Amino acid sequence: TTFGSQDVYIIVADTGSCLDHEDVDRGRNFLDYDVTSNTESGPDDFGHGTHVYTTICASANNEKGIVGLAPNVRCGNIKTLTEGSGTWEMVANSFLVAASKAREIKQRDSQAQFVMNMSLGGFGKSAVIDAAVEVARKAGILIIAAAGNSATNIDLNPFTPASSPGVIAVAATDSKDRLANFSNYGPKTVLLA
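Residues numbered from 1 in each chain as written. Predicted model: local features only at pLDDT ≥ 70, side-chain atom pairs only at ≥ 80, totals over all residues. Heavy atoms only, no water.

1. A few points about the sheet that holds strand β1 (residues 8-14)
Strand order in this open sheet of eight strands is β3-β2-β4-β1-β5-β7-β9-β10, and the pairing throughout is mixed. Bordering the open sheet on either side are β3 (39-40) and β10 (190-192), each of which pairs with just one other strand. One ladder, built from five bridges, connects strand β5 (residues 113-118) with strand β7 (residues 141-146); its direction is parallel. Paired with methionine 116 across the strands is isoleucine 143, a residue of β7. (Pairing = 2+ DSSP bridges. Helix = DSSP H or I, 4+ residues; strand = E, 2+ residues; numbered from the N terminus.)

2. Some thoughts on the pairing of β5
The sheet contact formed by β1 and β5 spans six bridges and is parallel. Looking at the pairing, isoleucine 11 lines up with methionine 116 of β5.

3. Points about the layout of surface pockets
Over the atoms, a rolled probe matching the size of one water molecule traces out where space is still vacant. Computed from the structure, the largest pocket encloses a volume of approximately 760 Å³. Lining the largest pocket we find 33 residues, and of these Asn117, Met118, Ser119, Leu120 and Ala146 sit closest to its centre. At five residues, the largest contribution of residues to the lining of the largest pocket is made by helix α1 (residues 48-57). By residue class, the composition of the lining of the largest pocket is 19 nonpolar, 14 polar and no charged. (1 Å grid on protein atoms, 1.4 Å probe; cavity = no way out; pocket = protein on both sides within 12 Å on 5 of 7 lines; lining within 4 Å. Points joined across faces, edges and corners; volume = space filled by probe spheres on them. Nonpolar A, V, L, I, M, F, W, Y, C, P; charged D, E, K, R; others polar.)

4. With respect to the packing of aromatic side chains
Counting across every chain of the model gives three aromatic pairs. Taking the centre distance of 5.0 Å and the plane angle of 85° together, the rings of tyrosine 9 and phenylalanine 30 count as edge-to-face. Within this pair, whereas tyrosine 9 is found in strand β1, its partner phenylalanine 30 is found in strand β2 (residues 29-34), the two being separated by 21 residues in sequence. For tyrosine 9, a relative accessible area of 5% puts it in the buried group. By relative accessible area, which is 13% here, phenylalanine 30 ends up buried. Note on tyrosine 9 and phenylalanine 114: the rings are 5.0 Å apart at their centroids and 25° apart in plane angle, and the pair reads as stacked. Highlighted residues: tyrosine 9 in strand β1 and phenylalanine 114 in strand β5, separated in sequence by 105 residues. Pair check on accessibility: tyrosine 9 and phenylalanine 114 agree, each one buried. Members of the aromatic cluster, connected to one another through ring pairs, are Tyr9, Phe30 and Phe114. (Phe/Tyr/Trp six-rings, centres within 6.5 Å; stacked < 30°, edge-to-face > 60°. Buried < 20%, exposed > 50% of the residue type's maximum accessible area, 1.4 Å probe, protein only.)

5. Focus: the state of the cysteines
Within the structure shown, the criterion is met by one disulfide. Each sulfur of the disulfide joining cysteine 57 and cysteine 75 lies 1.9 Å from the other. The disulfide joining cysteine 57 to cysteine 75 has a torsion of about -105° about its S-S bond and is therefore left-handed. Here cysteine 57 is found in helix α1, whereas its partner cysteine 75 is found in strand β4 (residues 74-79), with 18 residues between them in sequence. The exposure class assigned to cysteine 75 is buried, which follows from its relative accessible area of 1%. Here cysteine 18 stays unpaired: no disulfide links it, and the sulfur of cysteine 57, its closest cysteine neighbor, is 14 Å away. With a relative accessible area of 34%, cysteine 18 lands in the partly exposed category. (Disulfide = S-S within 2.5 Å.)

6. Considerations on the environment of isoleucine 168
Within the fold, isoleucine 168 resides in strand β9 (residues 168-170). In this structure isoleucine 168 comes out as buried when scored by relative accessible area, which is 19%.

7. Regarding the pattern of salt bridges
Under the counting rule described, the total for this entry stands at eight salt bridges. Between glutamate 104 and lysine 101 there is a salt bridge, with its nearest N and O atoms 3.2 Å apart. With a gap of three residues between them, glutamate 104 and lysine 101 both fall in helix α2 (residues 88-106), about one helical turn apart. With a relative accessible area of 37%, glutamate 104 lands in the partly exposed category. Lysine 101 sits in the buried class, given a relative accessible area of 17%. (Salt bridge = Lys/Arg side-chain N within 4 Å of Asp/Glu carboxyl O.)

As structure tokens, then:
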């Protein structure tokens, strides 16, 4: 069985990813950048980015660790947060780096499809983020963002980037497939759980 296509490029914007992890196939990595220092990405100093990256992209049939949800896609890493914290500028720059890479790849792979995962955010609206999201969307990137973990209606109290126009906001569910008691929600803003 094949899980995912090599024409699909997933960008994880988080705390970085440990690309030396035993369950990461570096050959499928197409991007490794750190917007917090504007260099090639360093180590994951918080662990969350590696968790997200491997949940999506961990190798299959290597007799190690787990199997990711899409082990055959190409994966990219943008270190957006340092020790779990960041600024709107860091988040906005992540969208711009992703957009630049997507445009570059589409010049040689017309079938390329891009998804950007952002398990991060903060309350409030940001015109800078909204503008950067639009740049990424125009580059053909589907943006997925966490709705947040404050049990708040983000239709009324925006959580960015989940509340930015064109972003698919995702809430968390519990083991009984109900909205997790900590998860943000919003009938107009949150599209998936």
